[in-house]
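Examination of the molecular architecture
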Amino acid sequence: MTTQTMTRPVNLILLGPPGAGKGTQARMLEDTFGLVQLSTGDLLRDAVAKGTAAGTAAKAVMEKGDLVSDEIVIAILSDRLDQPDVTKGTILDGFPRTEAQAAALDELLADRGQKIDAAISLDVDDEAMVARVSGRYTCSTCGEGYHDEFKQPATVGVCDKCQSNEFKRRADDNADTVRTRLSAYHAQTAPLISYYDNRGALSRVHAMGDIGDIAASLGAIVTEVTAA
Ligand code: AMP
């Protein structure tokens, strides 16, 4: 895929419930625009795997599907923003999830001479999300996403992208936890749609269709905000 060159750092937020396709679309935007995907879920899972103090505090909360404290998540994101690869710009996947996080994000970016260019809401049907999330798994080597029902590899047990035979499933991708995560999304994160709309920074994309069509819609938004 061709990478388009950005003339300045661009920071995008992908909003949407679990299963909306934030991770998949963020990875596609990384390839197309050379931006860096920042997933606080990935950063937290990494902290859990390494057994850091933040990971130990977050583990049980994540297993239930509740939100980890603002303090822990903001600290993890702040550290990540200090790494040199993010100077080109970022796609925030799963952050912010509360208004306190949104306010902290503005400050973290302002401290680095940057700002949010667009928040994009991936609009989906909740009921479909339970089935989507419950059957999903990823390649352990390259992170390519698959699904028991909707997207199996062309050869069973072999990743299409990197030919690895190792796959993994998230501990919180089960029907009960997904329902808790959906509730957390509606109670604490969905209000951010109005928050960014009021700032004139919101775009909405209908995200129930073809992955390539959704990527094209997102690409058009990124091209537009970059030109502004
Ligand atoms: P995700 O990979 O974005 O679905 O996140 C998985 C889990 O990590 C969530 O259900 C939360 O427990 C936790 N988490 C990820 N990002 C955040 C955040 N920004 N604020 C609070 N908790 C988060």
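Here, every reference points to the structure presented above.
I will try to describe carefully the structure that is included in this document. As the structure is a computational prediction, the values presented were derived from the model and not from experiment. (Residues numbered from 1 in each chain as written. Predicted model: local features only at pLDDT ≥ 70, side-chain atom pairs only at ≥ 80, totals over all residues. Heavy atoms only, no water.)

**Brief notes about the pairing of strand β5 (residues 136–139)**
As a reminder of what qualifies: Whether two strands pair comes down to DSSP finding at least two bridges between them. Numbering of helices and strands runs from the N terminus; a helix is a DSSP stretch of H or I covering at least four residues, while a strand is a stretch of E covering at least two.
Taken together, the 3 bridges between β5 and strand β6 (residues 145–147) define a ladder with antiparallel strand orientation. Pairing of Tyr-137 across the sheet is with Tyr-146, part of β6. The loop that links β5 with its antiparallel partner β6 comprises 5 residues; one of these, Gly-143, has a positive phi angle of about 85°. The pairing of β5 with strand β7 (residues 167–168) spans 2 bridges and is antiparallel. Looking across to β7, one finds that Thr-138 is bridged to Lys-168.

**Examining the pairing of strand β1 (residues 10–15)**
Test applied: Each residue's exposure class comes from its accessible area (1.4 Å probe, protein chains only) as a fraction of the maximum for that residue type: buried when under 20%, exposed when over 50%, partly exposed otherwise.
With 6 of its 6 residues buried, β1 lies for the most part within the structure. Where burial is concerned, the two faces of β1 agree: the one with Val-10, Leu-12 and Leu-14 and the one with Asn-11, Ile-13 and Leu-15 are both buried. The pairing of β1 with strand β3 (residues 89–93) spans 5 bridges and is classified as parallel. Bridging across to β3, Asn-11 finds its partner in Thr-90. Looking at chain direction, β1 and strand β4 (residues 118–123) are connected through 4 bridges and run parallel. When the bridges of β4 are listed, Leu-12 appears paired with Ala-118.

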